[in-house]
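# Tertiary structure, described
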2 protein chains.
Amino acid sequence: MKIVIIGGVAAGAKAAAKAKRILPDAEIDIYTEDTHVSYSACGIPYYVEGNFDDYRTLLVRSPEEFRAGGINVHLLHKVTKIIPVSKQVLVHDIEANISFLVEYDKLIIATGASPIIPPIKNNCFKNIFSVRTINDAINIKKRLPDCKRAVIIGGGYIGIEMLEALVRNNIHTTLIERGSHIMPVLDEDMSVLVEEHLDSINAGRFTLITDQAVTEFCGDEDGVHTVETSNGDVYEADMVIICAGVKPNVQLAVDAGIKLGITGAIKVNKQMETSESDIYACGDCCEETQLISQTPVWMPLGSNANKEGRCAAINACGGFNEFHGVLSSAVTRCLNLTIAMTGLTERVAEKLGYSVAVAKVTKHDKVGYMPDANDITIKLIADKKTGKLLGGQAMGVGDSDKRINTLTTALLGGLTVDEFARNDLTYAPPFSTTIDPLLDAAQILIAQVDSK
Amino acid sequence: MKIVIIGGVAAGAKAAAKAKRILPDAEIDIYTEDTHVSYSACGIPYYVEGNFDDYRTLLVRSPEEFRAGGINVHLLHKVTKIIPVSKQVLVHDIEANISFLVEYDKLIIATGASPIIPPIKNNCFKNIFSVRTINDAINIKKRLPDCKRAVIIGGGYIGIEMLEALVRNNIHTTLIERGSHIMPVLDEDMSVLVEEHLDSINAGRFTLITDQAVTEFCGDEDGVHTVETSNGDVYEADMVIICAGVKPNVQLAVDAGIKLGITGAIKVNKQMETSESDIYACGDCCEETQLISQTPVWMPLGSNANKEGRCAAINACGGFNEFHGVLSSAVTRCLNLTIAMTGLTERVAEKLGYSVAVAKVTKHDKVGYMPDANDITIKLIADKKTGKLLGGQAMGVGDSDKRINTLTTALLGGLTVDEFARNDLTYAPPFSTTIDPLLDAAQILIAQVDSK
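Treat the numbers as computed from the prediction; the structure is a model and nothing was measured.

### Section: the relation of the copies chain B and chain A
- Relative to chain A, chain B is turned by 180° and slid 0.0 Å along the rotation axis, the superposed coordinates differing by an RMSD of 0.0 Å. Each copy turns onto its partner about a two-fold axis. Considering only C-alpha atoms, the part of chain B nearest the rotation axis is Thr406 of chain B, at 2.1 Å.
- The share of interface residues of chain B whose copies in chain A are also at the interface is 100%, consistent with both copies meeting through the same surface.

### A word on the pattern of salt bridges
Residues and elements named next belong to chain A.
- If you walk through the whole model with that rule in mind, you get 44 salt bridges over all chains.
- The partner of Glu49 in a salt bridge is Arg333, with the nearest N and O atoms 4.0 Å apart. Of this pair, Glu49 sits in helix α2 (residues 44-49) while Arg333 sits in strand β21 (residues 330-334); the two residues are 284 residues apart in sequence, bridging distant segments of the chain.
- Among the residues examined, Glu49 registers a relative accessible area of 12% and is labelled buried.
- Two residues, Asp189 and Lys360, come together in a salt bridge whose shortest N-O distance is 2.9 Å. Of the two residues, Asp189 is situated in helix α6 (residues 188-200) and Lys360 in strand β23 (residues 356-364); the sequence distance between them amounts to 171 residues.
- Through salt bridges with shared partners, one network takes in Asp187, Asp189, Glu346, Lys360 and Lys379.

### Here we look at the packing of aromatic side chains
- The tally for this structure, following the rule as stated, stands at 4 aromatic pairs over all chains.
- Ring geometry for Tyr369 of chain A versus Phe52 of chain B: centroids 4.8 Å apart, planes at 45°, classification tilted. Taken together, the positions of Tyr369 of chain A in the loop between β23 and β24 (375-383) and Phe52 of chain B in the loop between α2 (44-49) and α3 (63-68) put the pair across two chains.
- Here Phe52 of chain B falls in the buried class, since its relative accessible area comes to 9%.

### Observations concerning the environment of Glu228 of chain A
Residues and elements named next belong to chain A.
- Inspection of the secondary structure assignment puts Glu228 in strand β14 (residues 223-229).
- Classification of Glu228 as partly exposed rests on a relative accessible area of 28%.
- Residues Glu228 and Glu49, spaced 179 residues apart in sequence, show a C-alpha to C-alpha distance of 26 Å.

### Some details on the interface of chain B and chain A
- On the chain A side, the residues contacting the 57 residues of chain B number 57 residues.
- Among the residues chain B hides against chain A, the three largest losses belong to Tyr369, Asp424 and Phe431 of chain B. Together they make up 15% of the total.
- Where chain B packs against chain A, one counts 2 salt bridges.
- Where Lys402 of chain A meets Asp399 of chain B, a salt bridge forms, and the shortest distance between an N and an O atom there is 3.3 Å.
- Breaking the side of chain B that touches chain A down by element, the ones donating at least two residues are α8 (302-316), β21 (330-334), β22 (337-343), α10 (401-412), α11 (417-420) and α12 (437-446) of chain B.
- In terms of residue count, the dominant contributor to the side of chain B that touches chain A is α10 of chain B (10 residues).

### Digging into the sheet that holds strand β6 (residues 98-103) of chain A
Residues and elements named next belong to chain A.
- Taken in spatial order, the 3 strands of this open sheet run β4-β5-β6, and their pairing is antiparallel. Edge positions in the open sheet fall to β4 (77-83) and β6, since each of these has one partner strand only. Between one strand axis and the next, the sheet turns by 25° as a mean value, whatever way the strands run.
- Strand direction decides the pairing type here: β4 and strand β5 (residues 88-93), joined by 6 bridges, are antiparallel. Note that in β5 the partner of Lys81 across the bridge is Leu90.

### What to know about the nonpolar core
- Membership of the largest hydrophobic core comes to 76 residues, with the highest contact counts inside it found for Leu389 of chain A together with Leu389 of chain B.
- What Leu389 of chain A contacts, discounting residues up to four positions off in sequence, is Ile381, Ala382, Leu407, Ala410, Leu411, Leu415, Thr416, Val417, Phe420 and Leu445 of chain A.
- In terms of nonpolar packing, the next biggest core, distinct from the first, is built from 51 residues, Val91, Cys286, Val297 and Cys317 of chain A among them.

### Overview of unusual backbone geometry
- Phi is positive for Ser328 of chain A, close to 60°, though the residue is something other than glycine.
- Within the fold, Ser328 of chain A resides in the loop between α8 (302-316) and β21.
- The backbone of Leu76 of chain B sits at a positive phi, close to 50°, despite the residue not being glycine.
- Residue placement: Leu76 of chain B occurs in the loop between β3 (71-74) and β4 (77-83).
- For Leu76 of chain B, a relative accessible area of 21% corresponds to the partly exposed category.

Definitions and limits used
Residues numbered from 1 in each chain as written. Chains lettered and ligands numbered in written order. Predicted model: local features only at pLDDT ≥ 70, side-chain atom pairs only at ≥ 80, totals over all residues. Heavy atoms only, no water. Least-squares fit on C-alpha atoms with pLDDT ≥ 70 in both. Contact = heavy atoms within 4.5 Å. Salt bridge = Lys/Arg side-chain N within 4 Å of Asp/Glu carboxyl O. Helix = DSSP H or I, 4+ residues; strand = E, 2+ residues; numbered from the N terminus. Buried < 20%, exposed > 50% of the residue type's maximum accessible area, 1.4 Å probe, protein only. Phe/Tyr/Trp six-rings, centres within 6.5 Å; stacked < 30°, edge-to-face > 60°. Buried area = accessible area lost by both parts, 1.4 Å probe. Pairing = 2+ DSSP bridges. Axes fitted to C-alpha atoms, helices over the stretch in contact; angles between N-to-C directions. Core = buried A, V, L, I, M, F, W, Y, C linked by side-chain atoms within 4.5 Å.

See below:
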């Protein structure tokens, strides 16, 4: 059995390791144009921040470890063509500058995603970075000592995580978001709360700009010095970090006739099979099913990549495993603020045609007399007709992320808000209030739904 | 409408407040032999520990606030008899030393629970305390400056919370547990882990003794000085805290012919109605239904008391509300260790006749490179035949309590381990590992159950 895996960051690395455990005698080859495999891209902001000093901490498993385990890792080897009819891939060895054909019995596409680079004039200075690869991490980290002011383009997850990282390095940071709010994945009312909180703890350390697109970089041989926005404002920057989102790497699949889904990522079934036989896809290059709406979504997250890589490997090895889909759960931190969400937002639920009931509460995360009690705001969303929970968002200095996991599990179980309100959540003063904020929100929500 | 409530700590206070909101014109009277109402008994260890200095912080609502809201609070008024046939209670005014009859339309019994005082010789010294009332809290706190060594009797929730409180006051504390392990509510393997962890951080600050009962106190007019145990060992103590469990206060109900359940607490239906019409019970004096086993249990916790008080009030006021039962969820902290549980333990599940499948993992609570990553141990329990989740326990320095809430919600939804393993839990390095420890445990558990 010969398994070829294209890409080796999260899904690819996981698939390789799992396949080797299932079929120790299989020949498993990872091809990647990258100089690293098996790393925690999600950890880059925390490396930049200074939580640890050695970038190698981000490496989950080195090429040597893979090789010692009987998995062949080919760095700087770019797959340039998939030929399903002959079950081959064309590989270009970047260093040797030669190409060769490799045969496979099963092919796993784990090509990941790439940063979106917005159309900005003079987009080629050496101090403009994305946040995706180990080399990005190393390059940003190297630049920090010379950096007093930075601009981040984009206010999504990675943007606000990098804001934290730079601010903690005492770099005055201007975050510029093209839309009207940062964290646009949230409902607008929650994004506003995030902005208000960040403003309240700002203390001159950073600037949040919304409703402006960056149009031009100006600089010299040392790099960018200023950033100009659509309304003519100019911001100084010794470094620019582009966090304007990512797009799935699908060209290789498209060229091979593999079907994409409506999200633009590779379409797969529950067994991670693509439209071509013996070819699987997993990780950031493929789309998922949203379990509540049962619609295709694209959720390029490390947690999904790991599960999908595992699933693809089991099936590629002749076993049976299904990845059912995602609940669109996510969490992030910016300075002392945690932001988490799961399921459908109010906005998305309305777009999908639901009649939506909403409850929002702001409460202590634990009993008020505990010294580390802090506020959290929880927003719950339900189907007004059936009472079925559709999603939720939480933000605050207090403990909100695991409360979203509690809600995620309710979504998984298809619970109504009435059923959820019966939940017996743990209580002790250091951990919760006697009636957990989630249950407070649920009680309010019950009054908003038709079926009681 | 005249509503009489006996007891006003958690359930009684909640019932009064809720009833007044529903029926603003109702006459609502709380009678209690206590000198305080509406307080957080669960917060006493944190007051003793020194998280706040004023015991009044523990008071949720003062008698004056109740009275301003139109609720009559009668402190030091002990109800000595319930007369269901004439819908009256006999009240003894302790200060005035007179008794009088009070009529009710609806009666809510919220008499709570009392500490169990084990049969120990010379059990009357003034420096022997329970942990139940505001006066207990005040008396323990006053004694702290004169206390160098203390003995805690009982290693359950309150025992280990008081251990933390005393150790943080630099009092060398000996905790003596009669059974073979502290936290006997857990499965033995988890209790052992708790003991091992506490031993590892002990640093001479405390001593854990198991398999010994305290038999005798010795002292003089200043109070206890030594504590003797069943095997003849003697421990010095400037203070003794008895945390040997609680028993429901049911005598008043029994005398009135109100039925108890098999747990010894008052039997109620989902509307919190007792066996006598127009008489409700709620809080620590009544039993609950365990939602998984559908058997009666007694879970005297503040969270249950609040929900039951609310439910009793709604029904007493002519509305309709049901309290379905508990999942036996609980959490506690001892020094840097969090311990949480929900559902059935392996031991209880076996006793109930389940064929039990178990998985236990010890993992980081977040990605290992984050500076505050810590281990947690999670034990999951499922029905081997159906794969249905039955319960779980967690312990560790890491973030484990909210993970138990995630599991609680799975129990509420009646999920199998296979369904639970599909959960889309939030992931980012400061909060979790890419595959959450809960899902790691679930994957292991899947292999243990028959139905896959």
